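# Coordinate analysis (summary)
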Amino acid sequence: MQRAAAVPDVDVSRWVIVYPVYINARKTLQEGRKMPKIHCVDNPTCLEVQEVCLKLGLESYIETEKCYSRDPTMRGRVRVHLKDSKTENAVNPEVTSRTALLKKIGQDISKNRAVAVSAPATTTTTTAEAGPRRKGKARNK
């Protein structure tokens, strides 16, 4: 498998791990969801999680070779640099804990998807280009 980015020079073992299933609204608590469904989205991806982390100013690293323990088909996780290793202060004052991070990720992915859906399509076909349309059932003659 290919990695999404090169291995960072810093020690990522102390960074917070976020599996997309943590904020997946289609999963139950027993299947691994960690947040209330209000703060979750349907089938988030590692790329969406990393995009939100970068938007929040947090360093992140995707590990595509890792699997979620409760569901081995769910591949990939994101490591997020939440707190400074020397001072233990939050890197971003908006996000001070893992719970706050998961809530913010769910909200931002939801907003990003809403914007993508509401954006108008740039290419449309007219009925003349698409050809004639037949209405009703085809009749045998």
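A brief report on the enclosed structure follows. A quick note: this is a predicted structure, and the numbers were derived from the prediction, not measured.

## Topic: the packing of helix H1 (residues 46-55) against helix H2 (residues 98-118)
At a minimum axis separation of 9 Å, H1 and H2 run at an interaxial angle of 105°. With respect to each other, H1 and H2 are oriented roughly perpendicular. Facing H1, whose interface residues are Glu48, Val49, Glu51, Val52, Cys53 and Lys55, H2 presents Leu101, Lys104, Ile105, Asp108, Ile109, Asn112 and Arg113. By residue class, the composition of the contact of H1 with H2 is six nonpolar, one polar and six charged.

## Here's the deal with the sheet that holds strand E1 (residues 16-18)
With antiparallel pairing, three strands are arranged side by side in an open sheet as E1-E3-E2. The two strands at the open ends of the sheet, each matched to only one other strand, are E1 and strand E2 (60-68). The average undirected angle you get between the axes of adjacent strands in this sheet is 30°. Relative to strand E3 (residues 71-80), E1 runs antiparallel, the two being bridged by three bridges. Across the sheet, the residue bridging to Ile17 is Arg79, located in E3. Along the sheet, H1 contacts E1, E2 and E3; its crossing angle with E2, the most-contacted strand, is approximately 155°. With respect to the sheet, H2 is in contact with E1 and E3, its orientation differing from that of E1 by roughly 35°.

Analysis parameters
- Residues numbered from 1 in each chain as written.
- Predicted model: local features only at pLDDT ≥ 70, side-chain atom pairs only at ≥ 80, totals over all residues.
- Heavy atoms only, no water.
- Axes fitted to C-alpha atoms, helices over the stretch in contact; angles between N-to-C directions.
- Helix = DSSP H or I, 4+ residues; strand = E, 2+ residues; numbered from the N terminus.
- Parallel < 35°, antiparallel > 145°, perpendicular 65-115°, else oblique.
- Contact = heavy atoms within 4.5 Å.
- Nonpolar A, V, L, I, M, F, W, Y, C, P; charged D, E, K, R; others polar.
- Pairing = 2+ DSSP bridges.

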